[in-house]
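In case you want the letters, here they are:
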Amino acid sequence: MNFFRGVMGGQAAGPQPSGAETIQKLCDRVASSTLLEDRRDAVRALKSLSKKYRMEVGTQAMDHLINILQTDRSDSEILGYALDTLYNIICNDEEEEQDENAQKQADDLGAQFTEKFIQDPEHVTLLLSLLEEFDFHVRWPGVKLLTALLKSQGVQVQGVILVSPMGVSRLMDLLADSREVIRNDGLLLLQQLTKGNAAIQKIVAFENAFERLLDIITEEGSSDGGIVVEDCLLLLLNLLKNNSSNQNFFKEGSYIQRMKPWFEVGDDNSGWSAQKVTNLHLMLQLVRVMVSPVNSPGATSSCQKSMYQCGLLQQLCIILMATGVPADILTETINTVSEVIRGSQVNQDYFASVNAPSNPPRPAIVVLLMSMVNERQPFVLRCAVLYCFQCFLYKNQKGQGEIVATLLPSTIDANCISAGQLLCGGLFSADSLSNWCAAVALAHALQDNLTQKEQLLRVQLATSLGKPPVSLLQQCTNILSQGDKIIRRGSKVQTRVGLLMLLCTWINNCPIAVTHFLHNQENVPFLTAQISENLGEDERLVQGLCALLLGICIYYNDNSLENYTKEKLKQLIEKRIGKENFVEKLGFITKHELYSRAAQKPQPVFPSPEQMLFDHEFTKLVKDLEGVITKAVHKSSEEEKKEEEVKKTLEQHDNIVTQYKELIREQDAQLKELKEQVTSVTTQNEQLQATITQQLSQIQQHKDQYNILKLKLGKESQSNNQGDSSQVNGLQTEELSQLREEVEELRKQLTQLQSQLGEKDALINTLKSAPAQTIDGSTEGSGNPELLQELEALRSQIQSQLAEITQLRTERRELLSRAEAQSSDTVTSSDSSIDAAKVAELESRLAAQISETEKLKGSRAELEQQLASAQSTVAILQTEKAKLQTDVQESKKEQDDLLMLLADQDQKIHSLKQRLKELGETVEDEDDLDTRDQTDDDDEEDDEEDED
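Below: a short report on this structure.

Rules used throughout
Residues numbered from 1 in each chain as written. Predicted model: local features only at pLDDT ≥ 70, side-chain atom pairs only at ≥ 80, totals over all residues. Heavy atoms only, no water. Helix = DSSP H or I, 4+ residues; strand = E, 2+ residues; numbered from the N terminus. Buried < 20%, exposed > 50% of the residue type's maximum accessible area, 1.4 Å probe, protein only. Core = buried A, V, L, I, M, F, W, Y, C linked by side-chain atoms within 4.5 Å. Contact = heavy atoms within 4.5 Å. Axes fitted to C-alpha atoms, helices over the stretch in contact; angles between N-to-C directions. Left-handed = near helix turned anticlockwise from the far one by under 90°. Nonpolar A, V, L, I, M, F, W, Y, C, P; charged D, E, K, R; others polar. Phe/Tyr/Trp six-rings, centres within 6.5 Å; stacked < 30°, edge-to-face > 60°. Lys NZ or Arg CZ within 6 Å of the ring centre and 35° of its normal. Lys, Arg positive; Asp, Glu negative; His and termini not counted. Salt bridge = Lys/Arg side-chain N within 4 Å of Asp/Glu carboxyl O. Patch = residues over 30% accessible without salt bridge, like charges linked within 9 Å, V, L, I, M, F, W, Y side chains within 5 Å. Areas by Shrake-Rupley, 256 points an atom, 1.4 Å probe, with all protein chains shown as cover. Arc of directions from axis to C-beta.

1. Observations regarding unusual backbone geometry
The backbone of Met166 shows a phi angle near 60°, a positive value even though the residue is not glycine. Topologically, Met166 is positioned in the loop between α9 (154-163) and α10 (167-172). The exposure class assigned to Met166 is exposed, which follows from its relative accessible area of 56%. You will see that Lys395, though not glycine, has its phi angle at about 55°, which is positive.

2. Things to note about the nonpolar core
Counting residues in each nonpolar core, the largest one holds 207 residues, and the members touching the most others are Leu146, Ile161, Leu171, Trp262, Phe263, Phe351 and Leu548. Sorting elements by how many residues they give to this core places helix α21 (residues 379-393) first, with 12 residues. Ignoring anything within four residues of it in the chain, the contact list for Phe351 reads Cys317, Leu320, Val337, Ile341, Ile365, Leu368, Cys388 and Phe392. Judged by nonpolar contacts, the second largest core, of six residues, contains Leu753, Leu757, Leu901 and Leu902.

3. Description of the packing of helix α30 (residues 537-555) against helix α32 (residues 579-586)
Two elements in contact, α30 and α32, have axes whose closest approach is 7 Å; the angle formed by their N-to-C orientations is 115°. Relative to α32, the crossing made by α30 is left-handed. Of the residues in α32, those touching α30 at Gln543, Gly544, Ala547, Leu548, Leu550 and Gly551 are Phe582, Lys585 and Leu586. Each residue belonging to the contact of α30 with α32 can be placed in one class, and the counts come to five nonpolar, three polar and one charged.

4. A word on the packing of aromatic side chains
Under the criterion given, the structure shown has 11 aromatic pairs. The interplanar angle of 90° and the centroid separation of 5.6 Å between the aromatic rings of Tyr595 and Phe614 together place this pair among those described as edge-to-face. One end of the pair, Tyr595, is in helix α34 (residues 593-598); the other, Phe614, is in the loop between α34 and α35 (616-634), with 19 residues separating them in the sequence. Accessibility classification places Tyr595 together with Phe614 in one group, the buried group. Every member of this aromatic cluster is reached through a ring pair, and the members are Phe206, Phe210, Phe249, Phe250 and Tyr255. Lying over the aromatic face of Tyr87, Lys144 brings its terminal NZ or CZ to 5.1 Å of the ring centre.

5. Some thoughts on the side chain of Glu230
Among the structural elements, Glu230 can be located in helix α13 (residues 227-240). At 12 Å, Lys195 is the nearest oppositely charged side chain to Glu230, a buried residue that forms no salt bridge. Not counting chain neighbours up to four residues away, the residues in contact with Glu230 comprise Gln275, Thr278, Asn279 and Leu282.

6. Comments concerning a nonpolar patch on the surface
Taken together, the side chains of Ile656, Tyr660, Leu663 and Ile664 present a nonpolar region at the surface, about 390 Å² in accessible area. Relative to the assigned elements, Leu663 resides in helix α36 (residues 637-723).

7. Structural notes on helix α14 (residues 244-252)
Regarding α14, the residues found buried are Asn246, Gln247, Phe250 and Lys251. Looking down the long axis of α14, one finds its buried residues gathered within 135° of arc, a one-sided arrangement. In α14, the exposed positions that point more than 90 degrees away from the buried face belong to Ser244 and Glu252. Structurally, α14 contributes buried residues whose contacts are with α12 (198-219), α13, α15 (274-290) and α16 (297-309). At the exit of α14 stands Ser254, carrying a positive phi of roughly 60°.

8. Focus: the pattern of salt bridges
A full pass over the atoms with the stated rule returns 21 salt bridges. Arg40 is paired through a salt bridge with Asp75; the nearest N and O atoms lie 3.2 Å apart. Placement of the pair is Arg40 in helix α3 (residues 36-49) and Asp75 in the loop between α4 (54-71) and α5 (76-90), with a sequence separation of 35 residues. Among the residues examined, Arg40 registers a relative accessible area of 14% and is labelled buried. With a shortest N-O distance of 3.0 Å, Glu211 and Arg258 are connected by a salt bridge. Taken together, the residues Glu211 in helix α12 and Arg258 in the loop between α14 and α15 connect sequence positions 47 residues apart. Residue Glu211 is classed as partly exposed on the basis of its relative accessible area of 26%. Of the residues examined, Arg258 reaches a relative accessible area of 26% and is grouped as partly exposed. Among the charged side chains, a salt-bridge network with shared partners connects Arg40, Asp41, Arg44, Asp75 and Glu77.

Okay, here's the thing in structure tokens:
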């Protein structure tokens, strides 16, 4: 105990050991002690020395501490001490103030110990397994240690965690910990884990990170929350920035809708704490990540649509027009609204309808432009307004027309300030930054819009009293030519660059504007003078833009002015400037250091107003025009003529291609109509089949009802027969006479069937003897009409015989049913007569249903024939031979069936005769029956005479 007392600060006798010696003894104790309490006390002592003797503890004790983590898993206290010790030697203490050299040494020391720890990936896996321990004294130091490792050697530790089974899932469980300290440090851990690793970002996102983080933000009070909200937002930014997969998952999960409540800041905007400003700033950045111009157009458009539909854009516009909002939040809100509406027509139209809460109400665009041309406003705010105006006009020809219309004489309203008036005011003000911003904004109103370029030529400006008005184009060139004569605040080069960019955008791809520009006799001499002079570094950019402007005048010249045709302008360049010198000056634009910075992204971000020279869209224009202008200047008149001929030829080819395209469209339309017809016919066929099926089901129902009524009638007749035998005897003679007539008809039908059987036997014999001849004939002459006629006649005869057989079967069934009814000698009462009427009605309905079904079958056959006409097939005689043989076999089968039917008929007739004899009647042959009938008639006459 004296040893530990000396280590922990107690007084001990004798000389005090050095720190290194003490640490060595403690390490030996950790390695050799068998008692857990001794090892625990030694690790606790190492923890207390780890901050002061960081190098010694890290060098001597790290392996022993890792061994403790592996072997003493059952004791949470010693695990906590070991983890705290490792954290102290790996983590750089940022709280203490140190000079640069000491801080650098500490960073290097932490990196060395981190590399030593992660040399064996199993150490990181061991640490991940310890995070599953719920004990606070193990889990919390484990989280801090892993965070320190990620800060020091992030890429290597990320690789180990990525390949570790369930490694990321274990870390995600920290967000669900009920202890806020662990949850909050877990957020910091996930921030470090997700930095710059798209694979881990995806895994974290699909571990339901978005849902958990948004829940935490809501629980902590959204924008009014504390540092925890900030940590959650930073983690969300890590997961979404430059990760299209996570952005799509965020949108598809309807998480954009959950962002709207963040921006409901309320009417009282007086209290904006620093934390609230930070939180709201990060929230706005999160919105911008989802609609950033660097994202794919489809994903950006989808997110913009969702933000409008859920009301997020409307909420941002409320903040935009609110009072008391801090300047940096207002600036970021303007940038956010800019990217939410960029390229989305619906969002742009909504933004155009937003009014500021002023008296009278003014459009939000006008209020923002007032800030842009006001030199007293912060520079970043003016840049944000310019970006918002550019995004509002991006791919928005409707908005471009509305802005240009405010400059036209017919639409100017003297009582209110319009966007056009503000732009003109900024264009001609004494502030160079206002000149540049207004010129760029007006250029965006003309971007890729030939109509508005021509409309802007109509704008007239009143310069002073007594002088006629001048056009806007002329006034811009006048200011450009005056140059240094006008006193301005700021960079004079900036004003000239802005005006030259506006003029280049204006006359680009607009021959009418080129003609108006060249019509002023002073413009071309001014440009050639500017290009030919040897000016300083600052003026080189102006020379390059002048060369670009003159090159556009050559390339889009329609030769309507005799003095300034393409050829004469090129001759002027060759004489006054020189073609090589002209091309060199033209190249000054792309070689400028600020050109590449502006070409990177659409948002105008500049460290200072003096560096605000290039616009993003203008860099695209320069890239497109530089090559074609260089070729146009070097081309001769003969080459231009050849090019014109080639253009005419291409136009002719284009016309031919257009005609073919129209023909293809017509054929596509016809094909579509035919497909629709086929679809309609198919639909009709399906409907008819359904109707037939329905009719058949109804017929079956009627048959069932008919059978039920027949059974009911038979039962009632049987009961009446037992009750009243006298009526049976009275009606028996009439029923028997009808039965005799039916038996006679059956005999006649039997004779006919026997004759038909004889004919079929003869036909079958002829068919058996003829097949060889038929085969020979079919192979020699495929078009024998007599053989085809015989085949058709044979088929029709077989079909008619089948129909007759079917009819005979039907008559046999009816005869049997009637005979059974007669044999029962039933007498119907009043109820049975009603049932008979019902039966008759059902039979009539059944016949009607059958006829209707036959009609439907006929119409269906016609439709099927129409459909089959497009798929006609060629029948060969070999197939006909096979069909003929099949028909012969079917005829044999039908003959056998007919013989069976005749046998059944004979048996039935015999049975009927027997039943008649049982009823007391003498059944004789036909002659005897005739004689008896005559005798009965004579007896009846004698009885009548006796009565008389």
